[in-house]
Amino acid sequence: MALAHEIAYTTTGTKASFMLDPSIAPFNVNVAFTLVTGPVSYKLQYTLSDINVADADAIWFDSTDFPAATAASKVAPITAPVTRIRAVIATLTAGSLTLQVLQGFSIN
């Protein structure tokens with residue numbers, strides 16, 4: 001079994017975060033963005049802030065795998081522990097952008 005999230009976005013803006021479990025060892029999360037139609041411009045952000053801190057008060061960092069102005073479907077792993085991730089969509093003029101997140105449970 002795994003922790004899985006999927007959501008399709010049809011509007012721009014900073015989206016609500018997905019919580020992850022940073023205590024799982026080894027930490028490994030797969031993140032995929034799938035563009036249904038375009039054009040689109042988005043990025044992924046992550047935080048190390050405590051889960052009890054609101055999204056607006058967390059300290060966010062831009063992902064190097066999904067930097068600002070990413071414009072195509074893409075999948076990449078996150079292998080260092082983080083507490084949350086979120087999408088920031090600058091442009092989405094038609095269709096939708098789907099975010100999928102999959103985190104496996106510990107093998108220990």
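Please read these numbers as outputs of a predicted model, since none were measured by experiment.

Novice: I'd like a description of the side chain of Gln45, backed by residues and values.
Specialist: Here Gln45 shows up in strand S5 (residues 40-47). Looking at Gln45, its side chain comes within polar contact range of the side chain of Asp62, at 2.9 Å. Only 2.8 Å separates the side chain of Gln45 from the side chain of Arg86, close enough to count as a polar contact. What Gln45 contacts, discounting residues up to four positions off in sequence, is Trp60, Phe61, Asp62, Arg84, Ile85, Arg86 and Val88.

Novice: Lay out the nonpolar core with the relevant residues and their values.
Specialist: Ranked by internal contacts, the top residues of the largest apolar core, which has 21 residues, are Val31, Phe33, Ile78, Ile85 and Leu99. If you list the elements that add at least two residues to this core, you get strand S4 (29-35), S5, strand S7 (74-78), strand S8 (84-92) and strand S9 (97-104). Per element, the largest residue contribution to this core is four residues, and it comes from S8. Apart from residues lying up to four places away in sequence, Ile85 is in contact with Ser17, Phe18, Leu20, Val31, Leu44, Gln45, Tyr46, Trp60, Ile78 and Val101.

Novice: Can you explain the pattern of salt bridges? Please cite residues and give values.
Specialist: Overall, the coordinates contain two salt bridges when judged by the stated rule. Note that Asp62 and Lys43 form a salt bridge whose closest N and O atoms lie 3.3 Å from each other. Within this pair, whereas Asp62 is found in strand S6 (residues 60-62), its partner Lys43 is found in strand S5, the two being separated by 19 residues in sequence. The class for Lys43 is buried, based on a relative accessible area of 17%. With a shortest N-O distance of 2.9 Å, Asp55 and Arg84 are connected by a salt bridge. Of the two residues, Asp55 sits in the loop between S5 and S6 while Arg84 sits in strand S8, which places them 29 residues apart along the sequence.

Rules used in this analysis
Residues numbered from 1 in each chain as written. Predicted model: local features only at pLDDT ≥ 70, side-chain atom pairs only at ≥ 80, totals over all residues. Heavy atoms only, no water. Helix = DSSP H or I, 4+ residues; strand = E, 2+ residues; numbered from the N terminus. Polar contact = N/O pair within 3.5 Å; in protein donor to acceptor, adjacent residues only side chain to side chain. Contact = heavy atoms within 4.5 Å. Core = buried A, V, L, I, M, F, W, Y, C linked by side-chain atoms within 4.5 Å. Buried < 20%, exposed > 50% of the residue type's maximum accessible area, 1.4 Å probe, protein only. Salt bridge = Lys/Arg side-chain N within 4 Å of Asp/Glu carboxyl O.

Take it as geometry only, folks, not as evidence of what the structure does.
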